[in-house]
Amino acid sequence: MTKKIRVAIPNFIAKTIKTDANEFGFTINGFYNEIFNLYVKDKIKLELVQKSKNNDIVQFNLSKKNFELYTSILRMYSMKNETEFWKRIFFNYSDKPKYKREELVFQNTIKLIKYGIKNELKMEVKYKDKVEIFEPYFIKYTELDETNYIYAYSEESRGYGSYKLSQVKVLRYLEEKQEHNNKEYLASVAANFDKYLWCFCEVKIKLTDKGLEYYNSDNDWKPRIESVVENVYTFYCSLENAKKYFINFLEEAEILEPSELRIWFKEKFEKAMKRYV
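A short tour of the structure in this document, coming up.

Definitions and limits used
- Residues numbered from 1 in each chain as written.
- Predicted model: local features only at pLDDT ≥ 70, side-chain atom pairs only at ≥ 80, totals over all residues.
- Heavy atoms only, no water.
- Salt bridge = Lys/Arg side-chain N within 4 Å of Asp/Glu carboxyl O.
- Buried < 20%, exposed > 50% of the residue type's maximum accessible area, 1.4 Å probe, protein only.
- Helix = DSSP H or I, 4+ residues; strand = E, 2+ residues; numbered from the N terminus.
- Core = buried A, V, L, I, M, F, W, Y, C linked by side-chain atoms within 4.5 Å.
- Contact = heavy atoms within 4.5 Å.
- Pairing = 2+ DSSP bridges.
- Axes fitted to C-alpha atoms, helices over the stretch in contact; angles between N-to-C directions.
- Phe/Tyr/Trp six-rings, centres within 6.5 Å; stacked < 30°, edge-to-face > 60°.
- Expected span 1.5 Å × (residues − 1).
- Arc of directions from axis to C-beta.

### Topic: the pattern of salt bridges
- Applying the stated criterion across every chain, the model contains 17 salt bridges.
- Residue Arg262 pairs with Glu254 through a salt bridge whose shortest N-O separation is 3.1 Å.
- We classify Arg262 as partly exposed; its relative accessible area is 37%.
- Residue classification places Glu254 among the partly exposed positions, given a relative accessible area of 32%.
- The salt bridge involving Glu270 is made with Lys266; its shortest N-O contact spans 2.7 Å. Of this pair, Glu270 and Lys266 both sit in helix H11 (residues 259-274), separated by four residues, roughly a single helical turn.
- Residues joined in a network through salt bridges with shared partners are Lys122, Glu155, Glu176 and Glu179.

### A few points about the nonpolar core
- Judged by nonpolar contacts, the single largest core of 42 residues is most densely connected at Phe85, Trp86, Phe90 and Tyr93.
- When sequence neighbours within four positions are dropped, the list of residues in contact with Trp86 reads Ile5, Val7, Phe36, Phe60, Leu62 and Tyr70.
- Counting 30 residues, the second-largest nonpolar core is a separate cluster that includes Phe138, Tyr185, Cys201 and Phe249.

### Some thoughts on the sheet that holds strand E4 (residues 130-142)
- The strand order E6-E5-E4-E3-E7 describes an open sheet built from five strands, whose pairing is antiparallel. A single partner strand is all that each edge strand has here, and the edge strands are strand E6 (159-164) and strand E7 (168-177). Along the sheet, successive strands turn relative to each other by an average axial angle of 45°, direction set aside.

### Notes on the side chain of Glu102
- Checked against the element boundaries, Glu102 lands in helix H5 (residues 98-105).
- When near neighbours in sequence (up to four residues on either side) are disregarded, Glu102 contacts Phe24, Glu146, Thr147, Asn148, Leu165 and Ser166.

### A look at the packing of aromatic side chains
- Tallied over the entire structure, the rule returns 40 aromatic pairs.
- Aromatic pair Tyr215 and Tyr245: ring centres 6.0 Å apart, planes at 80°, arrangement edge-to-face. Here Tyr215, found in helix H9 (residues 209-217), pairs with Tyr245, found in helix H10 (residues 239-246); they are 30 residues apart in sequence, far enough to count as distant.
- Residue classification places Tyr215 among the buried positions, given a relative accessible area of 7%.
- On the accessibility criterion, Tyr245 (2% relative accessible area) is buried.
- Ring pairs connect the aromatic residues Tyr32, Phe36, Phe60, Tyr70, Tyr77, Phe85, Trp86 and Phe90, which therefore count as one cluster.

### Focus: the pairing of strand E8 (residues 201-207)
- Bridge count for E8 against strand E10 (residues 232-237) is six bridges, and the pairing is antiparallel. The residue bridging Ile205 from the neighbouring strand is Tyr233, located in E10.
- By the bridge criterion, four bridges tie E8 to strand E11 (residues 253-257) in an arrangement that is antiparallel. Within the sheet, the bridge partner assigned to Lys206 lies in E11 and is Glu254.

### Overview of the environment of Ile117
- Its place among the elements puts Ile117 in helix H6 (residues 107-118).
- Measuring from C-alpha to C-alpha, the distance between Ile117 and Lys222 comes to 34 Å, with 105 residues separating the pair along the chain.
- With near-sequence residues (within four places) excluded, Ile117 lies in contact with Pro136, Tyr137, Phe138 and Ile139.

### Some points on the environment of Glu184
- Assignment of secondary structure puts Glu184 in helix H7 (residues 183-191).
- For the pair Glu184 and Glu120, spaced 64 residues apart in sequence, the C-alpha to C-alpha distance is 15 Å.

### Points about H6
- With 12 residues, H6 extends 16 Å between its outermost C-alpha atoms, agreeing within 8% with the 16 Å of an ideal straight helix rising 1.5 Å per residue.
- When we look at burial in H6, the residues that qualify are Thr109, Ile110, Ile113 and Gly116. Looking straight down H6, one finds its buried side chains confined to an arc of 125°; they lie on one side. Away from its buried face by more than 90 degrees, H6 exposes Asn108, Lys111 and Lys118.
- Buried positions along H6 lie against H5, strand E3 (121-127), E4, strand E5 (147-154) and E7.
- Positive backbone phi, at 50°, marks Glu120, one or two positions downstream of H6.

Put into structure tokens, the structure is as follows:
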């Protein structure tokens, strides 16, 4: 048995919920149920929602599990007016910053990831549609897009990377300790995470003649050249851009600055070299 919910809510709230459902990978019906789940464990103070002239009508079906809890939860909140209850929890949810809403929705994933971080364990996860082995190091959000990222080493891609929290599902812990936990490098990335992921900066790279040929022929993710002194090129790009673009140049490019990028490439190639020794 289930129950159909139909309620008018301010359209800015409806828009926020719809956007989150899409970005977090839920159906809209499933996401309304997910929001309800956030309010069933403990009673949270719910503010009165001011009347709005611009409303959207939202409709969804309660899941079987939530239907069984529904009457009890209304009683817990001392709410006789069902419409008012839904308006208040939807407002309470949408009034938070985006990264906080994401933390609420994926709190179980965060708990599992933090356990792996604390105990320096490898984890088997599903990222998008692929099963991978991760070594998670920290979770941070960026101010630019208010999105939470897990910074981890992936055995699938054989390198460090940033992975959206909402796209990671923890499958299990492995009884293996992390092997790529370079604390100096990770501390540098964590301290400048917004810069690392989004902000553009000067990147100095020494290119061979062959490396310059690669640059002139490969236009995907190509960073722009700011200046050239002999064979040292200064580019203006994000660190993520530099990693994606120059990783295939191999010995035809030497990363000079910034230091955290040089360390990343050094680690990457040292690990690759060990496979051939």
